[in-house]
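Given next are the chains, with one letter for each unit.
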Amino acid sequence: TSAAHLHGVLTVAADSGLAMELADAEQWLPRHATHVAMLMDLFEVRRNYGRAMRQSQALLRAAEEIHAHTSSRGLGAAICEMALEVTSARGAALVRYGSGQAKSVVQHSTDNVGVQPGFEVERDSLVAAAVEAGTPVLLEQASGVARGELFGDGDRFGGAGAVAVVPIGRRDAATGCLVIASAPETTITEDEVRNVGVLGAIASAALEIAWQIDEVSHRAETDPLTGL
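Since the structure is predicted, the reported quantities are computational estimates derived from the model, not experimental observations.

A. Inspection of the side chain of Ser125 at higher detail. Locating Ser125 in the fold gives a position in the loop between β3 (120–121) and α3 (126–133). Looking at Ser125, its side chain comes within polar contact range of the main-chain nitrogen of Ala128, at 3.2 Å. Within the structure, the side chain of Ser125 is placed 3.5 Å from the backbone oxygen of Phe151, a separation counted as a polar contact. For Ser125, the contacting residues outside a window of four places in its chain are Glu149, Leu150, Phe151 and Gly152.

B. Geometry of the nonpolar core. If you look at the biggest cluster of nonpolar residues, it comprises 26 residues, and the most contacted ones within it are Ile180 and Leu207. Those elements giving two or more residues to this core turn out to be α2 (72–85), β1 (91–96), β5 (163–170), β6 (173–181) and α4 (190–221). A total of eight residues in this core trace back to one element, the largest contributor, which is α4. Not counting chain neighbours up to four residues away, the residues in contact with Ile180 comprise Ala83, Thr87, Ala89, Gly91, Ala92, Ala162, Val163, Ala164, Ile188 and Val196. Among the nonpolar cores identified, the runner-up in size contains 24 residues, and Val106, Phe119, Ala130 and Val179 belong to it.

C. The pairing of strand β2 (residues 104–109), seen in detail. Judged from the four bridges that link them, β1 and β2 form a sheet pairing that is antiparallel. Bridge pairing in β2 places Arg96 opposite Val105.

D. Highlighting the environment of Thr87. If you trace the backbone, Thr87 turns up in the loop between α2 and β1. According to the relative accessible area criterion, Thr87 is buried, its value standing at 7%. Separated by 102 residues in sequence, Thr87 and Thr189 have C-alpha atoms that sit 8.5 Å apart. Separated by 2.7 Å, the side chain of Thr87 and the backbone oxygen of Ala83 make a polar contact. A polar contact is formed between the side chain of Thr87 and the backbone nitrogen of Ala89, at a distance of 3.2 Å.

E. Quick look at the packing of aromatic side chains. Tallying each qualifying case throughout the model produces one aromatic pair. Between the aromatic rings of Phe119 and Phe151, the centroid separation amounts to 6.5 Å while the plane-to-plane angle is 75°, which identifies the pairing as edge-to-face. Here Phe119, found in the loop between β2 and β3, pairs with Phe151, found in the loop between β4 (137–139) and β5; they are 32 residues apart in sequence, far enough to count as distant. By the burial criterion, Phe119 is buried, and Phe151 matches it.

Parameters and conventions
Residues numbered from 1 in each chain as written. Predicted model: local features only at pLDDT ≥ 70, side-chain atom pairs only at ≥ 80, totals over all residues. Heavy atoms only, no water. Helix = DSSP H or I, 4+ residues; strand = E, 2+ residues; numbered from the N terminus. Polar contact = N/O pair within 3.5 Å; in protein donor to acceptor, adjacent residues only side chain to side chain. Contact = heavy atoms within 4.5 Å. Core = buried A, V, L, I, M, F, W, Y, C linked by side-chain atoms within 4.5 Å. Buried < 20%, exposed > 50% of the residue type's maximum accessible area, 1.4 Å probe, protein only. Pairing = 2+ DSSP bridges. Phe/Tyr/Trp six-rings, centres within 6.5 Å; stacked < 30°, edge-to-face > 60°.

Written out as structure tokens, the structure is:
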């Protein structure tokens, strides 16, 4: 045990008995365990520092690369991949939120989130509720999320350790969100949720422009009377 947290349990055993008296072992073993815990703390600090540096570099690359994409499809794919780079998540999805009567749709998704691009997000889903509230939601125990609860009826989400929903856009008028999910044996930290929030802030302007272009193109190619 260290000042930070409990790392585990240290045991010592020998077939022919201990090489020291029991009283000496009772004094030595706790001191040795404390030293081991301190080393493990240092390793964890180094590991976290390296992870933070990699994630910071990924955010810098995102700021440089996002505006190089001219299509909403390419932009959505890039944003989801970047979300995985700045977190330990194994899956990500980008949702375009439709206010009023407009549909909310998954624009892009990677594996392990249980939905495909084009999936319509239901109004009573966890994703829609997070976007409506305009605040990130982190579920550290995603095993309790049933299929159809995260995105809506028909999603195949499951088997994740944790899931986070991070709105994109202004708090009073979010235009979408990023959903990230971790592997079953891992979790998502609040720092990682903040990283996704930064990524969303970087990408929001480019996304809004790309989505507006899609709408204009759709109206130009669609007959208003027949819908063809």
